[in-house]
Amino acid sequence: MTLKFRTFGMFLFLILGYLIFYTNYEKINIDLYEVKFDNLENNNKISKQIIKLSNTSLDKNKNANIKTNNSLYKNIIIEVKKNQTFSSILNEHIESNKLKYEIIDKVNKIFDLRRLKVGQKINFFKNNKNKVEKIILYLDYETNLNVNVNINKSITVDKEILKKSIEKNSKEYVITDSLYLDGIKNLVPSDILIKLIRLFSFDLDFQRDIKKNTIVSVSYDEIYIEGRDNLIFGDINYALIEIGKNSLEYFKFKTDDEYIDYFNREGKNVKKSILKTPIDGARLSSTYGMRKHPILGYNKMHRGIDFAAPTGTPIYAGGNGVIEFAGRNGSYGNYIRIRHNNEYKTAYAHLNGFNKGISKGVRVNQGQVIGFVGSTGRSTGPHLHYEIIYQNEQINPLTLKLPSGKILKGKELERFQKEYKIIYASHLNTLYE
Ligand SMILES: [Zn+2]
């Protein structure tokens, strides 16, 4: 299957999708939602989902009275506002300046209060005499800073990593509209959909390749943090996109060198690296960086690398992608630019000519001949000027750490094959249980 992607459109709709999602998110984040849905394939009822979409649903406990240690506590959760300091927040809850400064001092030893962020939550527990007995600062999604104010006014401060439990969840749906929007409709978390799109972005052109009735199947981690009301979505464990008879399938795997990456059943990495040398038998004639320009004579940043080669030497596409530009381009002469994904592009300059069929909008595969070495534009002799563009800026191809395109072998492959079968069985089990 030769599938690629064109991500600009996707990027727009992603942002749109985000907006739509967050608009809805705001509306529903007050309560826990119990969601029942039908499996799209066989109408088996899957109704185990309790989706706690809320980060902020803790707020519904605001001012709630809770019973702890046999005495009635008042629980007040505040969110840090702009220009608010911990000290100014304490002012509202603690009368004694001495106590206040002692708390600040002790907290500062563990957590630099200058790092307090807007929106960060602080939970005050007050006793029936309206005195603060405990303060919890939510440091991050899984860490609390506990301040205990004892009756004799001794203060203890400690950091607590909250217990978490990870559960695997699975979803499967058919695309009628788009991968993202149908995912949202089928209650796949937005975080997971974004990861899914990223995962397949080396293989798929989301605008062209996704057809109606494309099946998406995904397994991912849900992380429950004890004492918090929100749910965190972790890694994708398994993902399948099935378009007609073609399917792309990836499994999460921690490699021997401790990288979490995704591989298909054959143990091939999801990522396809961009070629650092898109030409055979050429001599590297000029590297990336400051140099005295051979024609202009003054020092100029060279934003690519040059390969000297005889006129007519074939030039290969550095990676799968879509031709974004093919034609005359000022001092670049005959020039091709390929868009590989949202982040990466490659450019080829001073070509003698273009290969047959190479024009704007055409999709090319890595290694495919796109043009031939020449000396058009501002050039002193036949060479290829090659650029790798990352987020619209040229970067040094020689020092760039590109996605590996690793293929698992030997013991590592054996380990992967054992693990992917477990992941797959667990995915099916969750889908159809
Ligand atoms: Zn150059």
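Attention in this report is confined to the structure presented alongside it. These numbers come from a predicted model, not from an experiment.

**Details of the sheet that holds strand β26 (residues 369–372)**
And then number 1: Sheet architecture is open: three strands sit in the order β20-β26-β24, paired in antiparallel fashion. Two strands lie at the open edges of the sheet, namely β20 (314–316) and β24 (353–354), each paired on one side alone.
And then number 2: Pairing of β24 with β26, which is carried by two bridges, proceeds in the antiparallel orientation. Residue pairing for β26: Gly353 is matched across the bridge by Phe372.

**Regarding the sheet that holds strand β15 (residues 260–263)**
And then number 1: As summarised here, the arrangement of the five strands in space is β11-β12-β13-β14-β15, forming an open sheet in which the pairing is antiparallel. Two strands bound the open sheet, and with one partner strand each, they are β11 (164–175) and β15. The mean inter-strand angle of the sheet, taken between neighbouring strand axes irrespective of direction, is 25°.
And then number 2: As paired strands, strand β12 (residues 214–225) and strand β13 (residues 231–243) are joined by nine bridges and run antiparallel to one another. Its bridge partner lying in β13, Ser217 is registered against Leu240.
And then number 3: Running at roughly 45° to β13, helix α5 (residues 190–200) makes contact with β12, β13, β14 (246–254) and β15 of the sheet.
And then number 4: Packing against the sheet, helix α6 (residues 410–432) makes contact with β11, β12, β13, β14 and β15, and its axis sits at approximately 70° to β11.

Each value, and the rule that gives it
- Residue positions are counted from 1 within each chain, in the order its sequence is given.
- The predicted origin of the model limits local features to residues at a pLDDT of at least 70 and limits the giving and counting of side-chain atom pairs to 80 or more, whereas totals for whole chains, interfaces and linings rest on all residues.
- Strands are treated as partners if at least two bridges between them are detected by DSSP.
- A run of DSSP states H or I qualifies as a helix once it reaches four residues; a run of E qualifies as a strand once it reaches two. Both are numbered from the N-terminal end.
- Axis lines are fitted to C-alpha atoms, over the contacting stretch for helices. Their N-to-C directions set the angle, which ranges from 0 to 180 degrees.
- By the criterion used throughout, residues are in contact when their C-beta atoms, derived from the backbone, lie within 7 Å.

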